[in-house]
Each structure stands twice: as structure tokens, then as C-alpha cells.
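One-letter residues, chain by chain:
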Amino acid sequence: MPNDLILSVSGATAIIKDRLDDLPRMTVEGEVSNLRPPNASGHLYFTLGDAGARLNVTFFAFRQKAQGAVPPFANGDKVRVTGRIALYAPHGSYQLNAERLDRADGPGELLQRFEALKRKLYAEGLCDPARKRPRPPRPPPHGIVTAPTGAAIRDILTILGRRRPNLHILLAPCRVQGPEAASEIAHAIALLNRHFGPGSPEPLDAIIVGRGGGSLEDLWPFNEEIVARAVAASRIPTISAVGHEPDQAITDFVADLRASTPSAAAELLCGRQEDYARALADAKDRLLKALRVAYAAARAELRRHQASPLLRDPLALLEPHAQRLDALDARLRHALAAALAAHAQRLAARELTLERIGAETFPRARQRLAEQALRLDRAAAARLDATRAAHATRAAKLAALSPYAVLARGYAIATDAAGHTLTDPAQTHPGAPLTLTLARGTLPVHVD
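Below is a short write-up of the structure. (Residues numbered from 1 in each chain as written. Predicted model: local features only at pLDDT ≥ 70, side-chain atom pairs only at ≥ 80, totals over all residues. Heavy atoms only, no water.)

### Considering the overall build of the chain
Here's step 1: Summing up its helical and strand segments, the chain has 13 helices and 13 strands in all.
Here's step 2: Within the chain, the proportion of its 448 residues that are buried is 30%.
Here's step 3: Taking all contacts inside the chain whose residues are at least 6 apart in sequence as the whole, residues at least 24 apart take part in 61%.
Here's step 4: Positive and negative side-chain charges of the chain, numbering 58 and 47 respectively, have mean locations separated by a distance of 10 Å. (Helix = DSSP H or I, 4+ residues; strand = E, 2+ residues; numbered from the N terminus. Buried < 20%, exposed > 50% of the residue type's maximum accessible area, 1.4 Å probe, protein only. Contact = heavy atoms within 4.5 Å. Lys, Arg positive; Asp, Glu negative; His and termini not counted. Charge placed at Lys NZ, Arg CZ, Asp CG, Glu CD.)

### Quick look at the side chain of Arg211
Here's step 1: Inspection of the secondary structure puts Arg211 in strand β8 (residues 206-211).
Here's step 2: Put simply, Arg211 is tucked away with no salt bridge, and the nearest opposite charge, on Asp218, sits 4.9 Å away.
Here's step 3: A polar contact is formed between the side chain of Arg211 and the side chain of Gln177, at a distance of 3.2 Å.
Here's step 4: Only 3.2 Å separates the side chain of Arg211 from the backbone oxygen of Asp218, close enough to count as a polar contact. (Salt bridge = Lys/Arg side-chain N within 4 Å of Asp/Glu carboxyl O. Polar contact = N/O pair within 3.5 Å; in protein donor to acceptor, adjacent residues only side chain to side chain.)

### A closer look at unusual backbone geometry
Here's step 1: Positive phi values are uncommon outside glycine, yet Asn34 reaches one of about 55°.
Here's step 2: The topology assignment puts Asn34 in the loop between β1 (26-33) and β2 (44-49).

### Details of the environment of Gly30
Here's step 1: Among the structural elements, Gly30 can be located in strand β1.
Here's step 2: Under the relative-accessibility criterion, Gly30 is labelled buried at 7%.
Here's step 3: For Gly30 and Ala344, which are 314 residues apart along the polypeptide, the C-alpha to C-alpha distance reads 121 Å.
Here's step 4: Here Gly30 is in contact with Leu48, Gly49, Asp77, Lys78 and Val79, once residues within four sequence places are set aside.

### Digging into the pattern of salt bridges
Here's step 1: By the definition in use, this model includes 13 salt bridges.
Here's step 2: Close ionic contact of Arg258 with Asp252 constitutes a salt bridge, the shortest N to O distance being 3.0 Å.
Here's step 3: Since its relative accessible area comes to 8%, Asp252 is described here as buried.
Here's step 4: Note that Arg333 and Asp329 form a salt bridge whose closest N and O atoms lie 2.9 Å from each other. Remark: Asp329 and Arg333 occur in helix α12 (residues 318-401); sequence separation between them is 4 residues, near one turn of the helix.
Here's step 5: Since its relative accessible area comes to 57%, Arg333 is described here as exposed.
Here's step 6: One network of salt bridges, with partners in common, ties together Lys120, Glu124, Glu225 and Arg229.

### Points about the sheet that holds strand β13 (residues 442-446)
Here's step 1: On the basis of which strands lie adjacent, the open sheet formed by 3 strands has the order β11-β12-β13 and antiparallel pairing. Among the strands making up the open sheet, the edge pair consists of β11 (413-415) and β13. The average undirected angle you get between the axes of adjacent strands in this sheet is 30°.
Here's step 2: Judged from the 5 bridges that link them, strand β12 (residues 433-437) and β13 form a sheet pairing that is antiparallel. In the strand pairing of β13, Thr437 is matched with Thr442. (Pairing = 2+ DSSP bridges. Axes fitted to C-alpha atoms, helices over the stretch in contact; angles between N-to-C directions.)

### Regarding the packing of aromatic side chains
Here's step 1: Evaluated as defined, the whole model comprises 3 aromatic pairs.
Here's step 2: For the ring pair Phe46 and Phe73, a centre distance of 5.3 Å and an interplane angle of 65° mean the geometry is edge-to-face. In this pair, Phe46 sits in strand β2 while Phe73 sits in the loop between α2 (61-67) and β4 (77-88), placing the two residues 27 residues apart along the sequence. The two residues Phe46 and Phe73 agree in class, both being buried. (Phe/Tyr/Trp six-rings, centres within 6.5 Å; stacked < 30°, edge-to-face > 60°.)

### Points about the sheet that holds strand β6 (residues 142-146)
Here's step 1: The parallel open sheet is built from 5 strands, whose spatial order is β7-β6-β8-β9-β10. On the outer flanks of this sheet lie β7 (169-173) and β10 (257-258), each paired with one strand and no other.
Here's step 2: Strand direction decides the pairing type here: β6 and β8, joined by 4 bridges, are parallel. The residue of β8 that forms the bridge with Val145 is Val209.
Here's step 3: Strand contacts of helix α4 (residues 151-163): β6, β7 and β8, with the helix running at about 155° to β6, the strand carrying the most contacts.

### Some details on the side chain of Glu99
Here's step 1: Here Glu99 is to be found in strand β5 (residues 93-107).
Here's step 2: Within polar-contact distance, the side chain of Glu99 engages the side chain of Arg25 at 2.8 Å.
Here's step 3: Apart from residues no more than four positions distant in its own chain, Glu99 is found in contact with Arg25, Phe59, Arg63, Gln67, Thr82, Gly83 and Arg84.

### Side note on the pairing of β12
Here's step 1: Two strands pair when backbone bridges link them, and β11 and β12 are joined in this way by 3 bridges, in the antiparallel orientation. Bridge pairing in β12 links Thr415 to Thr435.
Here's step 2: Between β12 and β13, which pair antiparallel one after the other, the connecting turn spans 4 residues, and Gly441 there sits at a positive phi close to 95°.

### Comments concerning the nonpolar core
Here's step 1: Among the nonpolar cores identified, the biggest contains 36 residues, and Leu121, Val145, Ile185 and Val254 are the most heavily contacted of them.
Here's step 2: Mapped onto this core, the elements with two or more residues apiece are α3 (109-123), α5 (181-196), β8, α6 (216-219), α7 (225-233) and α8 (250-254).
Here's step 3: For this core, the leading source of residues is α5, giving 6 residues.
Here's step 4: The residues touching Val145, leaving out its near neighbours within four places in the chain, are Ala172, Cys174, Ile185, Ala188, Ile189, Leu192, Ile207, Ile208, Val209 and Gly210.
Here's step 5: Judged by nonpolar contacts, the second largest core, of 17 residues, contains Leu48, Phe73, Ile85 and Leu101. (Core = buried A, V, L, I, M, F, W, Y, C linked by side-chain atoms within 4.5 Å.)

### Brief notes about the packing of α5 against α7
Angle between the axes and distance between the axes are the two parameters that describe a pair of packed helices.
Here's step 1: Running from N to C, α5 and α7 cross one another at 10°; their axes reach a closest spacing of 8 Å. By the angle between their axes, α5 is roughly parallel relative to α7. Residues Ala182, Ser183, Ile185, Ala186 and Ile189 of α5 touch α7, and the partners they reach there are Ile226, Val227, Ala230 and Val231.
Here's step 2: For the contact of α5 with α7, the per-class residue count stands at 8 nonpolar, 1 polar and no charged. (Parallel < 35°, antiparallel > 145°, perpendicular 65-115°, else oblique. Nonpolar A, V, L, I, M, F, W, Y, C, P; charged D, E, K, R; others polar.)

### Quick notes on a nonpolar patch on the surface
Here's step 1: Together, Leu5, Leu7 and Ile15 make up a nonpolar patch on the protein surface, roughly 300 Å² of accessible area in all.
Here's step 2: Classification of Leu5 as exposed rests on a relative accessible area of 71%. (Patch = residues over 30% accessible without salt bridge, like charges linked within 9 Å, V, L, I, M, F, W, Y side chains within 5 Å. Areas by Shrake-Rupley, 256 points an atom, 1.4 Å probe, with all protein chains shown as cover.)

Structure follows, in C-alpha cells:
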């Protein structure tokens, strides 16, 4: 508006700085992340964080000297920093200028979660080196799970474009920072496995999972259990490339291979062009040497064959074998004739012996056969007579015992309606129907 005060950037920054300078000295407790080694002047730069916010901290060398013994600390440690809030005008950002640093009891919350998940995955065997697969032996194709606009994808594509411009890359874009990043990373890994896993028409050889550098909070999605299990369950070999060299993520332990940076992961995939050229030259030299050795051996073999009698006069080699074959043929014919003569002589002798034995044996055999036939006839006739007499005796006894013979003498058999034979008057009652069986036929009656 026309009456509003118009300030320069420096003027506005000066006003903000004055307000911040009025803030009292404060002590802030949080977890250390993004700690960098001391610069040339000895100053330390790091970040204090908790579940809700982060605060940049600057610990100048002269403040460290004034404190005296500064306790050692590292990323993931919980510390208390006493100092004043200040504005760093060139960057337009505020920071805590530390005057004193003390360690708090125990590690930070994020480090505790990191170590707990690490122990859990080790106990399940997901970090076992025996289950990790080797680096893919052939270059294409590969998958990348990272942000589509981050520094990681730019570094990877720059290296691949310079060293292997024809390398086929498939990007599965996802967020790599923030509360939704972990689920998106796990989904991207599963998506590549579902469509480009082993057995698919275009299987991937490896997947790079990672992002560029940042604070511990920025890198935290790669420390979530859902991402670790997605990496461990991947049927495609995985390469974890999270942050910079000192950074360490849970995915580094469960992946098949760890790269210190995304650029290093790209170098692992494509190798150096100089190495391929050197390997090709070495293979060429070995092939030429092998061809020379094989050529020399073939020439020597050819000369040896050219000097052999077989090539000079092949028919000469057949002459001794033909003569030996004739001799063997003659010996075989003679042996066959002798064997046939011997067999004929033995056969004639056996025929004479058989005729002589037959002339003596056959008459006696015929006589014994006639005698045995006569005895057999007599025995059969006697046995037949005895059987007939026995049958006649049994038939007479059977006729005498037959109830029908009794009926023929005027007796009858009484039976009731159920067919039961009656032997006592008490077995029936007046008016009951009975049947009398006579010698010839039956007679129905009633009891009166």
C-alpha cells in the first residue's frame, strides 16, 4: 500500500536480527544429526531435532575453547546446548549459536529406534551376508527407486550418461522425505518386482534404492521397517545408496550391496569405460595367443599325418591283412570239416548202440506191459463186483428204513398248517386243519 514502509532485504533482516537478539539465553535438548567434521577453523555445524522440529546449531571454535572439555558426541546422541538464537543474514536463516554443550543421558530417540530395528532384522537373518546376491554380471537393464527431481537421480543419470550412454534405466518415482515417503518407497520396490522381476519378459538386473545427503531426519524413511522388509523381500538384487559416505541407513544392512552415495551406486552398475576397454584388449590378446598356439599345433599335426605310411600308400597297409585273412579262412574251413566228420562218426556209433539196446529191451517191455494190463483188468473187475455188492446192501437197508415203506403198510404222517409233524395230540386243538401224508398222496382233515 502507498503508506506502507518499504524496506530493503538488508533492512528487513536487520529488524529481524534485532528482535532475535532480544531473546534470552536458552538451553535446548535434542538429538544430533547432520554432524559434519570440523572445518579448517575448527567450527562445528550440526542439527538438533526431535519428532516435531529441527534447529541448526553452530559451535564456534573459540566457544569450544572457552568451555574447555567438550564431551565427544556423534549423530544420534542426545545433547543439551546452551546459547542464543541468532540470524545468519547471508542465508536468511536463524540458528542457535552454542556457548556450551553437554551430553544428555542415553542415546536419542531416533538412534534408539534405529538400533532396535537393526537388532530385530539381524535376529530374523535378513542382514545375513549369506543371503545377499552378488552384483549383476551384465549392465542392462536396471531400476531406480528415488525422487524424480532430486540430486540422486541427477547424479546417477550423469554418471551413466557419461560412462554407459546406452544403458537402459527404469525409474520408479517416489518421495524420499516426509511422513509418506516410507510407504511410497516400499510400494515402488514392490511395483518393480511385480512387473520386472525374474521370469518377466524384461527382467531387471538390479534396483538402486536411495537418495542424496541430508540430516538424520531427512534420511529417516530409509530406516523404517516397511522399507527394510521391502528391500529384503525383493526378488531383484538391491543396492542401497543413501546419503553420503558417513551416513548409514537400515537399508544398507538388508540390501544385497551398499554404495556410499548414489553416484557410487551408478559406478557399481556400469563400471568404468576404461576398465571395459582394458578387459576387451586383454581378451583380444589372449584370443590371438590361443589362435597362434592352435594354428601351430594344427600345422604340426598335418605334417605328422603327411609323413605317415597311410597317406603315402594306403593300399600297402591292406596287403598283410588280406594275406592273414586268407590263412584264417583256410584254417576255419579245415576245422569245420574235421568237426563235422567227428560228429558224424559219434552219431553213427550211438545209432548202432541204440539199435542193439532196443532189440534186447523192447520184447521184455512188451511182455511186462501185457502182464500188467491183464492184472489191471482182473483187479478192475474184482473192484467193480465188490462195489456193486456194497451198493446193493446199502440200497436194501435204505429201503427198509424209508418212511415210505412204513406208509405202504397203512400208516400216515400228520402235519399242522405250518408243516410241523405231530407226535402228540396236545400239539393241536379242535377245528385245526391238518394234512395226512399217505403212501400215495395227501389227505386234508380237521380235528373234531
